[in-house]
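# Report on the structure
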Amino acid sequence: MKHILLLKEIYLEAFKNLGSYFVRNLFKIFTWFCLACLVIVLYAFIFRVATGFAFD
C-alpha cells in the first residue's frame, strides 16, 4: 500500500506545475494510454505463458 501511495504522489506532483491546461491534460491522457497498453501487453504475455505457447 505504501508503494501505491508513493506512486500516486509522484503522479500528482508531476502534473502540478505544468504550463497550460491543454498540455497538462494531453500528458495525462498519454500517461493513461501508455499504462493501458502496458497492461494489455502483460495480459497477452501471461496468457501465452499460461496456455503453453512455445517461444521458439
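Residues numbered from 1 in each chain as written. Predicted model: local features only at pLDDT ≥ 70, side-chain atom pairs only at ≥ 80, totals over all residues. Heavy atoms only, no water.

Residues separated by three or four positions in an α-helix point in the same direction, a consequence of the helix having 3.6 residues per turn. With 30 residues, helix α2 (residues 21-50) should cover 44 Å at 1.5 Å per step; its first-to-last C-alpha distance of 43 Å lies within 8% of that length. At the C-terminal side of α2, G52 shows a positive phi close to 80 degrees. (Helix = DSSP H or I, 4+ residues; strand = E, 2+ residues; numbered from the N terminus. Expected span 1.5 Å × (residues − 1).)

A separate point is the pattern of salt bridges. The tally for this structure, following the rule as stated, stands at one salt bridge. Between E13 and K16 there is a salt bridge whose closest N-O contact spans 3.6 Å. Separated by three residues within a single helix, E13 and K16 lie in helix α1 (residues 2-16), roughly one turn from each other. On the accessibility criterion, E13 (39% relative accessible area) is partly exposed. Its relative accessible area of 53% is what places K16 among the exposed residues. (Salt bridge = Lys/Arg side-chain N within 4 Å of Asp/Glu carboxyl O. Buried < 20%, exposed > 50% of the residue type's maximum accessible area, 1.4 Å probe, protein only.)

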